[in-house]
Amino acid sequence: MITETLSSLLHQCSKSKALRCGLSLHAAVLKTCIQLDVFMSNHVLNMYAKCGQITFARQVFDEMLEKNLVSWSAMISGYDQAGEPQMAIDLYSRMLLVPNEYIFASVISACASLSALTQGQKIHARSLKFGYESISFVSNSLISMYMKCNQCSDAFSVFTNTPEPNRVSYNALITGFVVNQQLERGFEIFKHMLQQGLLPDRFAFMGLLGICTTTENLKRGTELHCQTIKLNLDSTPFIGNVIMTMYSELNLLEEAEKAFKWIEEKDVISWNTFIAACSHSDDHEKGLRVFKQMTEETNVRPDDFTFSSALAACAGLASMRHGKQIHAHLMRTRLYQDLGVDNALVNMYAKCGCIRSAYDIFIEMVHHNLVSWNTIIVGFGNHGLGEKAVELFEQMNATGIRPDSVTFIGLLTACNHAGLVDKGQVYFNSMEETYGITPDIEHFSCLIDMLGRAGRLNEAEEYMRKFPFWNDPVVLGSLLSASRLHGDVVIGERLARWLLTLQPVTTSPYVLLSNLYALDGMWDSVAEARKMLKGSGLKKEAGHSLIEVSGIVEKFTIGDFTHSRSKEIEGILKTLNWAIGEFTLYN
């Protein structure tokens, strides 16, 4: 009777992962001197394995005088679930008993974790020999294993030979095709699943919604969203968060917000996803409002990703006031700072114009990764402190961290703003020669702009002939702007004509050409350029400025007098103009 009670209680501890109760029960077993037969030992072993105490489980396993299939199964599955797949495979190889379906499923799962194809194929052959391949959880493990080893045809072959594939079988196949970039086949299997009368669950939707992040797949994504609504899955965080991410990637913030509002019990990932979605759509103000709502109106605790996203919103608004408030909160409540949060703080202070504070945080950081170095290099570069940015780049190299594409964008920008043209050229040329990084359009634009600002227009044109970006509107516009700056009408006119053949989508080429002609007094040509601009149907986007007043960001746009306090602003400007005029008069 006592043995049955203890066995039942240990089983409950295994199911609920109640380790403390399990330890007490194990002590009771030892204290009452109950014979530790294979039946009782298996319960103790299974309890430790399910509670994640794999070392204790192995100790019980090794001390067992007699082991049956349940013992081996509990230990092998325990290793697999504890993230020690190699131990699971090693233990399986020592088995002298014929494995059962549970052991086959666990050891095949372990092979999948290691992408151990050869070992998996051998175990597959053995499962065929003993007739276990057709059992659903063995076949499902095989499908997952082959998919993780990029063997889609073998996975599909296992699926087609499964007598009664279940929802898990379909999910494994759909997810596998998606991961292996065979998207159409993934959707085909999903349709087949519906035709067979099987209702898809959250795992099927998660895999497919995760790839509907391009305009080509938007229609499919909205159809899947509709199906989740019918099945009442969209209100769960698991699916709602993926739907938000899909709309966010497509810059459909309104749709992302609707998905966010439909989630009934929002978890921290829900809040993080929506705050990040606001930043991705450049609605940083809304991102901060959502962050405030999360911290003041819910019991959900912000995590490191929450703070990183909120700091990114502060950086986007150049709102040091809010950024400092978050920084102060972190200093009060966090003993150990996350590397990602530190990087976000460096970025926030740099973009808010306080490079000294950004550098102080960078210096105090215990660890630096590539993002840390890139952030501070870009920060110094944007502040015109090119020499310091170059110095930091050399320090980064000395630590053994290899630069990436982003590093060189920051470095070239720094050299551009500081007028370090020759040094910038050296770094550009070293990208492929020394670091194996092929320059892309952003690096090339930095180089051309740098040479153009320095008046080295012919040299810039030579680079344009060497690289495949010669017809990029941004690059041509940059060099055209430099031609206007240095009054080179010949090169400027040639570039403008070239640029206009590419059917520009902005007014810049027409305006720059018109200004270039005006500098040289070519008024007929100015009139022609303006006529071309009028004929294009394009309109110049109005410039605007942002200013933060008492924590509120105000936007002022050229030609827009709709601000609620525009009369007061106009009055103050008149007063300032009068004061300046009076000051000039008396001096």
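Cut-offs and rules
- Residues numbered from 1 in each chain as written.
- Predicted model: local features only at pLDDT ≥ 70, side-chain atom pairs only at ≥ 80, totals over all residues.
- Heavy atoms only, no water.
- Helix = DSSP H or I, 4+ residues; strand = E, 2+ residues; numbered from the N terminus.
- Buried < 20%, exposed > 50% of the residue type's maximum accessible area, 1.4 Å probe, protein only.
- Areas by Shrake-Rupley, 256 points an atom, 1.4 Å probe, with all protein chains shown as cover.
- Salt bridge = Lys/Arg side-chain N within 4 Å of Asp/Glu carboxyl O.
- Expected span 1.5 Å × (residues − 1).
- Contact = heavy atoms within 4.5 Å.
- Phe/Tyr/Trp six-rings, centres within 6.5 Å; stacked < 30°, edge-to-face > 60°.
- Axes fitted to C-alpha atoms, helices over the stretch in contact; angles between N-to-C directions.
- Parallel < 35°, antiparallel > 145°, perpendicular 65-115°, else oblique.
- Left-handed = near helix turned anticlockwise from the far one by under 90°.
- Nonpolar A, V, L, I, M, F, W, Y, C, P; charged D, E, K, R; others polar.
- Patch = residues over 30% accessible without salt bridge, like charges linked within 9 Å, V, L, I, M, F, W, Y side chains within 5 Å.
- Disulfide = S-S within 2.5 Å.
- pLDDT = per-residue confidence, 0-100.

## A word on the overall build of the protein
Secondary structure summary: the protein contains 33 helices and two strands in total. Per-residue burial for the protein yields a buried fraction of 44% across its 587 residues. Of the roughly 31,500 Å² of accessible surface on the protein, 55% is carried by carbon and sulfur atoms.

## Concerning the pattern of salt bridges
If you walk through the whole model with that rule in mind, you get 11 salt bridges. Two residues, R58 and D62, come together in a salt bridge whose shortest N-O distance is 3.0 Å. Highlighted residues: R58 and D62, both in helix α4 (residues 54-63), separated by four residues, approximately one helical turn. Judged by its relative accessible area of 16%, R58 is buried. What makes D62 partly exposed here is its relative accessible area of 47%. Two residues, K219 and E223, come together in a salt bridge whose shortest N-O distance is 2.7 Å. In this pair, K219 and E223 both sit in helix α14 (residues 218-230), four residues apart, roughly one turn of the helix.

## Remarks on helix α24 (residues 386-399)
Since the α-helix advances by 3.6 residues per turn, residues separated by three or four positions end up pointing in the same direction. For α24, with 14 residues, the first-to-last C-alpha span of 20 Å sits near the 20 Å given by 1.5 Å per residue. Looking at the buried residues of α24, the elements they touch are α22 (355-364), α23 (370-382), α25 (405-418) and α26 (421-435). G400 sits one or two positions beyond α24 and adopts a positive phi of about 95°.

## Re the packing of aromatic side chains
Aromatic ring pairs are reported here in terms of the distance separating the ring centres and the angle at which the planes meet. What the rule picks out here adds up to 19 aromatic pairs. Between the aromatic rings of F408 and Y435, the centroid separation amounts to 5.4 Å while the plane-to-plane angle is 55°, which identifies the pairing as tilted. Taken as a pair, F408 in helix α25 and Y435 in helix α26 lie far apart in primary sequence, 27 residues in all. No difference in accessibility class separates F408 from Y435, as the two residues are buried. Each residue in the set Y359, F362, W373 and F380 is aromatic and connected to the rest through ring pairs, giving one cluster.

## Quick word on the packing of helix α9 (residues 136-148) against helix α10 (residues 152-160)
Closest axis-to-axis distance for the α9/α10 pair is 7 Å, and the angle between their directions is 165°. One finds that α9 runs roughly antiparallel with respect to α10. Handedness of the α9/α10 crossing: left-handed. Taking contact as the criterion, the partners of S139, L142, I143, Y146 and M147 in α9 are, on α10, C152, D154, A155, V158 and F159. Taken together, the residues of the contact of α9 with α10 break down into eight nonpolar, one polar and one charged.

## Here's the deal with the packing of α26 against helix α27 (residues 441-453)
One way to put it is that α26 packs onto α27 with a least axis distance of 10 Å and a crossing angle of 155°. As far as their axial angle goes, α27 and α26 are roughly antiparallel. Both α26 and α27 take part in a crossing whose hand is left-handed. Here V421, G424, Q425, F428 and M431 of α26 come into contact with α27, specifically with H443, F444, L447, M450 and L451. The class makeup of the residues in the contact of α26 with α27 is seven nonpolar, three polar and no charged.

## With respect to unusual backbone geometry
Notably, Q181 is not glycine yet its phi reads approximately 60°, a positive angle. Tracing the backbone through its elements, the reader meets Q181 in the loop between α11 (167-179) and α12 (183-195). In this structure, A318 takes a positive phi of about 55° despite not being glycine. Secondary-structure assignment places A318 in the loop between α19 (304-317) and α20 (320-333). Under the relative-accessibility criterion, A318 is labelled partly exposed at 39%.

## Focus on the side chain of S14
Looking at the element boundaries, S14 is found in helix α1 (residues 2-16). The contacts of S14, once residues within four sequence positions are left out, are H43, N46, M47 and K50.

## Some thoughts on the environment of F380
Considering the arrangement of structural elements, one finds F380 in helix α23. Since its relative accessible area comes to 6%, F380 is described here as buried. Between the C-alpha atoms of F380 and L411, which are 31 residues apart in sequence, the distance is 9.3 Å. Beyond its immediate sequence surroundings of up to four residues, F380 is in contact with I355, Y359, L385, G386, K388, A389 and L392.

## Some remarks on helix α29 (residues 473-485)
Taking 1.5 Å per residue as the helical rise, α29 with its 13 residues ought to reach 18 Å, and the 18 Å between its terminal C-alpha atoms agrees with that figure. Here α29 has its buried residues at V475, L476, G477, S478, L479, L480, A482 and S483. Of the residues one or two after α29, G487 is the one with positive phi, at around 65°.

## Focus: a nonpolar patch on the surface
Taken together, the side chains of I547, F556, I569, I572, L573 and L576 make up a nonpolar region of the molecular surface, amounting to roughly 510 Å² of accessible area. If one sorts the elements of the nonpolar patch by residue count, helix α33 (residues 566-586) sits on top with four residues. Residue placement: L576 occurs in helix α33. The partly exposed category is assigned to L576, whose relative accessible area is 47%.

## Focus: the side chain of H284
Mapped onto the fold, H284 is located in helix α18 (residues 284-297). If we ignore the near neighbours within four places in the chain, the residues touching H284 are C278, S279, A312, A313, G316 and L317.

## Considerations on the state of the cysteines
Considering all chains together, one arrives at zero disulfides under this definition. Free of any disulfide, C21 has its nearest cysteine sulfur in C13, 5.1 Å distant. Residue classification places C21 among the partly exposed positions, given a relative accessible area of 47%. Unpaired in this structure, C415 has its nearest cysteine sulfur neighbour in C446, at a distance of 9.8 Å.

## What to know about the environment of S41
For S41, the location among the structural elements is in helix α3 (residues 38-50). In this structure, the C-alpha to C-alpha distance between S41 and F61, residues 20 residues apart in sequence, is 7.9 Å.

## Brief notes about the confidence of the model for the protein
In this model, the protein carries a mean pLDDT of 86, and residues with pLDDT of at least 70 account for 86%. Segment residues 582-587: pLDDT under 50, and zero contacts once partners within four positions in sequence are set aside and those in other chains are kept.

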